[in-house]
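Summary of structural features
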Amino acid sequence: MEARIKFKNVVISIIIFSISILSIRLFEHLYDTTKIRCEKCIFIKKVKTTGRDLEIPFLMEASGSHIFWFNFERPKCDTPALFIPLIDGNYLEVYLNGHLIGVSGNPISRNSLRWNKPELFVIPGSFLKDGFNELRILVKAENTLGILSPIFMGDLRFVKGRYILLGFLNQVLNQFYLAMFLVLGFFIVLIPFLIELRLHRALLGISLIFFAIYLIDYTFVPYLPIYYAVYKKIIIASLYLSLALYGLAFVYEFGYRGVHRKIALALLVVNIGLILVLLSVPNDSVLVRRTYLKMNVTIYVSMALIVSVFLREIIRSARPEKLLLINLNAIIFLLPHVFNDVYVLVNNLPKPLLTQYALPIFVFANTSYIVNDFITLYRKLILEKRRAEFLEKESMRDPLTGALNRRFLNKIKEIIPGMYSISLIDLDNFKDFNDHFGHVIGDCVLRRITSILFSMLRKDDYVIRYGGDEFLLLLYKTSRVEAEKILEKIKHKLVENKIECDDQDFYVSFSYGIASADEAHTFEEMLKIADSRLYEAKSLKSGV
C-alpha cells in the first residue's frame, strides 16, 4: 500500500514537472508575435542601425542611446498599431515619418529598465503615407539593449488582448505577488515571537521578505531614488539570501542534522561571501551584471538543496502530509522556470524571463504549509484556553448547588463597591431541618432554592453560596429599595410554591440583610453592613 502511495506521488510530481515545461512554452508563445494569425499584418524581423543590420531577436551589452529604423508599406487595416512585446532598455521613443507616436520610461533617469513592459502604440492614420513609411525607434540603455520578439505592425484588434494579458502578468500580478510575500513574510516573522513557536520559523518569513525585495525589480524600479546599479546589487543579494534562508529554515523545520544542515549553513556562508564580492564591484551597471551572471550558479545549488530537503522528508514519511506534497510539487513547478531564467541570463539569450509567472504556486505552497500550521496551533491554543476557562469556572462553582463560591467572590470583590449591592441570605432554622429530615433532603432543598434564585435574578446578577445555608446575592446597579423588592419577590415565590424533594413538600423561608453600593467603599465594609442587618432580621424573627 505504501509503495502504491509513493508511486502515485512520483507520477504526480512528473506530471507537475511536465505542466511546468508546457507553461514555459505557453508564456514564450505570448511573447512571440509571429504566432499572431494575421495575413495582412507586418512582422518586422530586421532593423537597421548605424553601420549594420540586426536580426530580431537580439540582446547585447550596449549602454547609451541607439536608433533603429526600418521601412514598410502602409498596412491595410482600420486601426493601425505598433506592438513591441519585449524591448530591453531604459527609455523608448517611437517616430513614424518624423512624427512622435509614443514614449516609455524616463529620459533622464538611470534607475529604470523597461525589459518586462510590453509596448503598444496606436498610429494616427494621418501619419501614414501611401507607399513606403519609415519607423524610427530611439532607445536609451543603461547596460543591455535588445528587441526580443519581432515587431508587429497591423490592426489593433489582433494584439489588444495579448497586450492586456502581458501587461497584467508583468505589472498587476507582480504587484500582487510582492504584496503577498511582504504580508506573509512579516506575519511569519512575528508569529513565533507572539505565541512562542520555534524561532526558525522566522527564517521563512525573512526569506519571503527578501524575495519581495527582489520582486521590486519587476515593477517599481523606475520609481526608486537610487542608481540602478546600486539597486541591482541589493536585489541580487536579496535573492541569494532568500534562497539560502528558505532552505536552512526547512532543514530546521524537519529537524535535519548532519549533511543537510552543514550544506545549508555552508550555502548561507557562501552566499553572504558572494554578496560581499558583488557589493565591492564599482557601481557600473555592465560590471555589476557581468559579476552576478557568473555567480548565479548559487541559485542552482540553493534550489537543489530545497528540493532534496523536501524529497528526504517525503521519503522518510510513510504517509506524508498533503501540504508537504503540495509544497514539494510547487517547488518542482517553479524549478524549470528558475533554471530557464538562469540559463537565459548566463548565456545572454534574447528571451523573456519567466520565473515570476510560476510564483503564485510557490506563494500558495508557502501560505498553505506555514499558515495551516499556525491555524492548527491557534485552534489548539483556543481549545486549551477554553479548557482552562472551563476548569477555572468549575473551580469557582459550588459542586452541590451550581452556585458560585467564595473563590469567585475573592476574584471580583474589588469591583463590587459602586457596581453591585449585596444581599446576604440565611435560611431559617435550616440546621434543625437537616437534623429532622437528613442531609440528603437538605441538599435537595438547597439545589431547589438555588434554582429559584437563578430564575428570578437577571443575567448580570450573581448567586454565591457563602456558607452551608447562606447565600450572597450580587445585584447589579441596584439600590437598597430595589434590592428589598427583589428579595421580597423571592420570599413570596418560596411561600407560594412548595419545594418537592423525595415525594415530600416543604415550605422554606429566609432572612436577609442588604448593603447598597453607595453605603461603603470596600466589599468588606458592605459585607459587614449586610451581616449586621441580617442579624437584626433574624433577631426580630426569633423575638430576641
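Heads up: the structure comes first, above all this text.
Presented here is a report on the structure given in the accompanying data block. By convention here, each chain's residues receive numbers from 1 onward along its written sequence. Local features in this predicted model are restricted to residues whose pLDDT is 70 or higher, and side-chain atom pairs enter the listing and the counts only when it is 80 or higher, whereas totals over whole chains, interfaces and linings include all residues. As a convention, hydrogens and water are excluded, and side-chain values are obtained from all of the structure's heavy atoms.

Topic: the pairing of strand β11 (residues 132-141)
- At least two DSSP bridges between two strands are needed for those strands to be called paired. Only DSSP runs of H or I covering at least 4 residues are called helices, and only runs of E covering at least 2 are called strands; the numbering of each starts at the N terminus. Where strand β5 (residues 64-73) and β11 come together, 10 bridges link them in antiparallel fashion. The partner of serine 65 across the bridge, within β11, is lysine 140.

Examining the side chain of threonine 450
- Tracing the backbone through its elements, the reader meets threonine 450 in helix α12 (residues 439-456).
- Residue class for threonine 450 comes out buried when judged on its relative accessible area of 0%.
- We define a polar contact as two N or O atoms separated by no more than 3.5 Å, with the added condition that, inside protein, one atom must be a possible hydrogen donor and the other a possible acceptor, whereas residues neighbouring each other in sequence contribute only through side-chain atom pairs. Only 2.8 Å separates the side chain of threonine 450 from the backbone oxygen of leucine 446, close enough to count as a polar contact.
- The contact criterion used is simple: two residues touch if any of their non-hydrogen atoms lie within 4.5 Å. Those residues in contact with threonine 450 that sit more than four places away from it in its chain are Thr401, Ala403 and Phe471. A simple rule labels every residue: compare its accessible area, found with a 1.4 Å probe on the protein chains alone, to the largest value its type can have, and call it buried under 20%, exposed over 50%, or partly exposed in between.

A short note on the packing of helix α3 (residues 201-219) against helix α4 (residues 228-253)
- Every axis corresponds to a line fitted to the C-alpha atoms, with the helix fit spanning only the stretch in contact, and the corresponding angles, defined between N-to-C directions, vary from 0 to 180 degrees. Between α3 and α4, whose axes approach to 7 Å, the crossing angle comes to 155 degrees. In terms of orientation, α3 and α4 fall into the roughly antiparallel class. Crossing geometry of α3 relative to α4 is assigned as left-handed.
- For the contact of α3 with α4, a count of residues per class yields 19 nonpolar, three polar and four charged. Reported orientations rely on four angle classes, namely roughly parallel under 35 degrees, roughly antiparallel over 145, roughly perpendicular from 65 to 115, and oblique for the rest. Left-handed is the label given to a crossing in which the near helix is rotated counterclockwise from the far helix by less than a right angle, and right-handed is the label when the rotation is clockwise. Residues are grouped as follows: Ala, Val, Leu, Ile, Met, Phe, Trp, Tyr, Cys and Pro are nonpolar; Asp, Glu, Lys and Arg are charged; all remaining types, including Gly, are polar.

Points about the sheet that holds strand β12 (residues 144-147)
- Within the open sheet, the three strands sit side by side as β4-β12-β7. Their pairing is antiparallel. Sheet topology places β4 (58-61) and β7 (87-88) at the edges, where each strand pairs with a single neighbour.

Observations regarding helix α13 (residues 480-496)
- The terminal C-alpha atoms of α13, which comprises 17 residues, lie 24 Å apart, in line with the 24 Å expected from a rise of 1.5 Å per residue.
- Buried within α13 we find Ala483, Ile486, Leu487, Ile490 and Leu494. Buried residues of α13, viewed axially, fall in a sector of 95 degrees; they line one side. In α13, the exposed positions angled more than 90 degrees off the buried face are occupied by Val481, Lys485, Lys489, Val495 and Glu496. Helix span is expected to be 1.5 Å times the residue number reduced by one. The directions considered for the arc are those from the helix axis to the C-beta atoms.

Here's the deal with the state of the cysteines
- To count as a disulfide, a pair of cysteine sulfur atoms needs to be within 2.5 Å. Applying the stated rule across the entire model yields two disulfides.
- At a sulfur-sulfur separation of 1.7 Å, the disulfide partner of cysteine 38 is cysteine 41. Around the S-S axis, the bridge from cysteine 38 to cysteine 41 shows a dihedral of about 70 degrees and counts as right-handed.
- The buried category is assigned to cysteine 41, whose relative accessible area is 12%.
- Each sulfur of the disulfide joining cysteine 444 and cysteine 501 lies 2.1 Å from the other. Judged by the sign of its S-S torsion, about -90 degrees, the bond between cysteine 444 and cysteine 501 is left-handed. On the criterion of sequence distance, the pair formed by cysteine 444 in helix α12 and cysteine 501 in strand β17 (residues 499-501) is long-range, its members being 57 residues apart.
- With its disulfide-bonded cysteines labelled consecutively along the sequence, the protein is connected as 1-2, 3-4.
- We note that cysteine 77 lacks a disulfide partner, and the nearest cysteine sulfur, in cysteine 41, lies 6.8 Å from it.
- Take cysteine 77: its relative accessible area is 24%, and that puts it in the partly exposed class.

Observations regarding unusual backbone geometry
- In this structure, the amide linkage connecting isoleucine 56 to the following residue, proline 57, adopts the cis form with an omega of 15 degrees.
- Tracing the backbone through its elements, the reader meets proline 57 in the loop between β3 (52-55) and β4.
- Of note, the phi angle at asparagine 429 is positive, near 55 degrees, even though the residue is not glycine.
- Positionally, asparagine 429 belongs in the loop between β14 (420-427) and α11 (430-437).
- Of note in this structure, lysine 477 is not a glycine but carries a positive phi near 45 degrees.
- Topologically, lysine 477 is positioned in the loop between β16 (470-476) and α13.

Topic: the sheet that holds strand β15 (residues 462-465)
- Within the open sheet, the four strands sit side by side as β15-β16-β14-β19. Their pairing is antiparallel. Taken across any chain shown, the strands that pair with only one partner, and hence form the sheet edges, are β15 and β19 (510-515). The mean inter-strand angle of the sheet, taken between neighbouring strand axes irrespective of direction, is 20 degrees.
- Both β14 and β19 contribute to a ladder of six bridges, which runs antiparallel. Bridge pairing in β19 links isoleucine 422 to alanine 515.
- Here α12 sits on the sheet in contact with β14, β15 and β16, set at roughly 10 degrees to β16.

Some details on a nonpolar patch on the surface
- Within the patch definition used here, like charges are joined within 9 Å and nonpolar side chains (Val, Leu, Ile, Met, Phe, Trp, Tyr) within 5 Å, considering only residues with over 30% relative accessible area and no salt bridge. Accessible areas in this description were obtained via Shrake-Rupley with a 1.4 Å probe; residue shielding takes into account the shown protein chains only. A pairing counts as a salt bridge when a side-chain nitrogen of Lys or Arg comes within 4 Å of a carboxyl oxygen of Asp or Glu. A surface patch of nonpolar side chains, amounting to about 370 Å² of accessible area, comprises Phe7, Val11, Ile15 and Ile19.
- With respect to the helices, strands and loops of the structure, isoleucine 19 is situated in helix α1 (residues 2-31).
- For isoleucine 19, a relative accessible area of 43% gives the class partly exposed.

A few points about the nonpolar core
- Residues grouped as a nonpolar core are buried Ala, Val, Leu, Ile, Met, Phe, Trp, Tyr and Cys residues, joined through side-chain atoms within 4.5 Å. Counting 88 residues, the largest nonpolar core has Phe181, Leu215, Met303, Phe310 and Ile331 as its most contacted members.
- At 16 residues, the largest contribution of residues to this core is made by α4.
- The residues contacting leucine 215, other than those within four sequence positions of it, are Tyr177, Leu178, Phe181 and Leu359.

Regarding the pairing of β14
- Taken across its eight residues, β14 has eight buried, putting it largely inside the fold.
- Where burial is concerned, the two faces of β14 agree: the one with Tyr420, Ile422, Leu424 and Asp426 and the one with Ser421, Ser423, Ile425 and Leu427 are both buried.
- Sheet analysis places β14 next to β16, joined by seven bridges and oriented antiparallel. What sits directly across from serine 423, in β16, is leucine 473.

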